[in-house]
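# Secondary and tertiary structure notes
Each chain, written out:
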Amino acid sequence: MYTLIIANKNYSSWSMRPWIALRAAGIAFEEQKLGLTTEAFARRLSAITPAGLVPVLLDGDFAIWDSLAICEYAAERHPDARLWPQDARARARARSLAAQMHSGFGAMRQALPMNVEAHLPGIDFPEPARQDISRIHAIWQDTRAEFGGGGPFLFGAFSIADAFFAPVVSRFTTYGISAAGPVRDYMDAVLALPAMQSWMQDARAEATFVPEDEPYRKHR
């Protein structure tokens, strides 16, 4: 049995990605949640990863950290789960998009921190963040048009690429980002995913308020 170490579900987009990927693929794991900014967070992670960050996947006593590395490890260990598309070109594109999301869109990340429980529409975001939002909408629309004929996700069936964009779907929902047509359809498909529903339910049930992750309000 794997153990996936994560942080608060309301805030931790990095934790969300491998959790969604593993749960959607039916790969069993035990969840271990550490509160952000707590002493237990630093103490537990310092013993298992030099990064000192979540998420971390434990396979026995072997640790894999970083959300993309965890997803790649799961895909290799569980090929029947088909976490990447089967077609070589679609698989290459899916890896490209996951890597782009993993390292890019910094303005959007900063201006729209993940906050599942909140509803904060109408915020005037800076232009770089708006540009990132437009780019993401274009990626979703173009990818669905080229590769999404076999189902409701970016490459038809659910893949790691969708797990990496799941926190963005959550962000756009929180901040009331307008979406229509294929973009809206894609967001609805991600939001309806049972793994996504389960994560959001748990996030809403958390009572923790982390001021560092709450630039737009002072309390829940």
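Our subject is the structure listed above.
Source: prediction; values computed, not measured.

## Description of the overall build of the protein chain
Each helix and strand in the protein chain was counted, giving 9 helices and 4 strands. Scanning the protein chain from its N terminus toward the C terminus, one meets helices and strands in the order β-α-β-α-β-β-α-α-α-α-α-α-α. In summary, the protein chain has a C-alpha radius of gyration of 17 Å against a globular reference of 17 Å for 220 residues, a match within 12%. Overall size of the protein chain, expressed as C-alpha extent along the three principal axes, is 45 × 45 × 25 Å. Taken over 220 residues, the protein chain has a buried fraction of 51%. Here the analysis covers contacts within the protein chain between residues at least 6 apart in sequence; of these, 69% occur between residues at least 24 apart.

## Details of the packing of helix α8 (residues 181-192) against helix α9 (residues 194-205)
Contact geometry for α8 and α9: axes closest at 5 Å, N-to-C directions at 70°. Between α8 and α9, the interaxial angle falls into the category roughly perpendicular. Contacts between α8 and α9 involve Val190, Leu191 and Ala192 from the first element and Pro194, Met196, Gln197 and Met200 from the second. Taken together, the residues that form the contact of α8 with α9 break down as 6 nonpolar, 1 polar and no charged.

## Points about the nonpolar core
Nonpolar side chains in soluble globular proteins tend to be buried together. If you look at the biggest cluster of nonpolar residues, it comprises 67 residues, and the most contacted ones within it are Ile20, Met108, Leu112, Trp140, Phe165, Phe172 and Met196. At 9 residues, helix α7 (residues 160-174) tops the list of elements feeding residues into this core. Look past the residues within four positions of phenylalanine 165 in its chain and what remains in contact with it is Leu97, Met101, Ile136, Ile139, Trp140, Leu154 and Tyr186. Ile5, Ala7, Leu45 and Ile48 belong to the second largest nonpolar core, which has 13 residues in total.

## Here we look at helix α1 (residues 13-25)
Across its 13 residues, α1 extends 18 Å between first and last C-alpha, which sits within 8% of the 18 Å expected from 1.5 Å per residue. One or two residues past the end of α1 sits glycine 26, with phi positive at roughly 75°.

## As for the pairing of strand β4 (residues 62-65)
When strand β3 (residues 56-59) meets β4, the two strands line up antiparallel, connected through 4 bridges. Each residue of the ladder has a partner; that of aspartate 59, found in β4, is phenylalanine 62. Hairpin connection, β3 to β4: the antiparallel pair is bridged by 2 residues, and glycine 60 has positive phi, about 70°.

## Digging into the packing of helix α4 (residues 88-103) against helix α6 (residues 127-147)
In the contact formed by α4 and α6, the axes pass within 12 Å of each other and the chain directions differ by 170°. Here α6 runs roughly antiparallel to α4, going by the angle between their axes. Here α4 contributes Arg89, Ala90, Arg93, Leu97 and Gln100 to the contact with α6, which in turn contributes Arg135, Ile139, Thr143, Glu146 and Phe147. Looking at the contact of α4 with α6, its residues break down into 4 nonpolar, 2 polar and 4 charged.

## Some remarks on the sheet that holds β4
Whenever strands of a sheet pair, they do so through backbone hydrogen bonds, lying parallel or antiparallel. Spatial strand order, β2-β1-β3-β4: 4 strands in an open sheet with mixed pairing. The sheet terminates laterally at β2 (29-33) and β4, the two strands that pair on one side only. When the angles between neighbouring strand axes are averaged without regard to direction, this sheet yields 20°. In the sheet, strand β1 (residues 2-6) pairs with β2 via 5 bridges, with the strands oriented parallel. Bridging from a neighbouring strand, isoleucine 5 pairs with glutamine 32 of β2. The sheet contacts of helix α3 (residues 67-77) involve β1, β3 and β4, and relative to β4 the element is tilted by about 125°.

What counts and what doesn't
- Residues numbered from 1 in each chain as written.
- Predicted model: local features only at pLDDT ≥ 70, side-chain atom pairs only at ≥ 80, totals over all residues.
- Heavy atoms only, no water.
- Helix = DSSP H or I, 4+ residues; strand = E, 2+ residues; numbered from the N terminus.
- Rg over C-alpha atoms; globule rule 2.2 N^0.38 Å.
- Buried < 20%, exposed > 50% of the residue type's maximum accessible area, 1.4 Å probe, protein only.
- Contact = heavy atoms within 4.5 Å.
- Axes fitted to C-alpha atoms, helices over the stretch in contact; angles between N-to-C directions.
- Parallel < 35°, antiparallel > 145°, perpendicular 65-115°, else oblique.
- Nonpolar A, V, L, I, M, F, W, Y, C, P; charged D, E, K, R; others polar.
- Core = buried A, V, L, I, M, F, W, Y, C linked by side-chain atoms within 4.5 Å.
- Expected span 1.5 Å × (residues − 1).
- Pairing = 2+ DSSP bridges.

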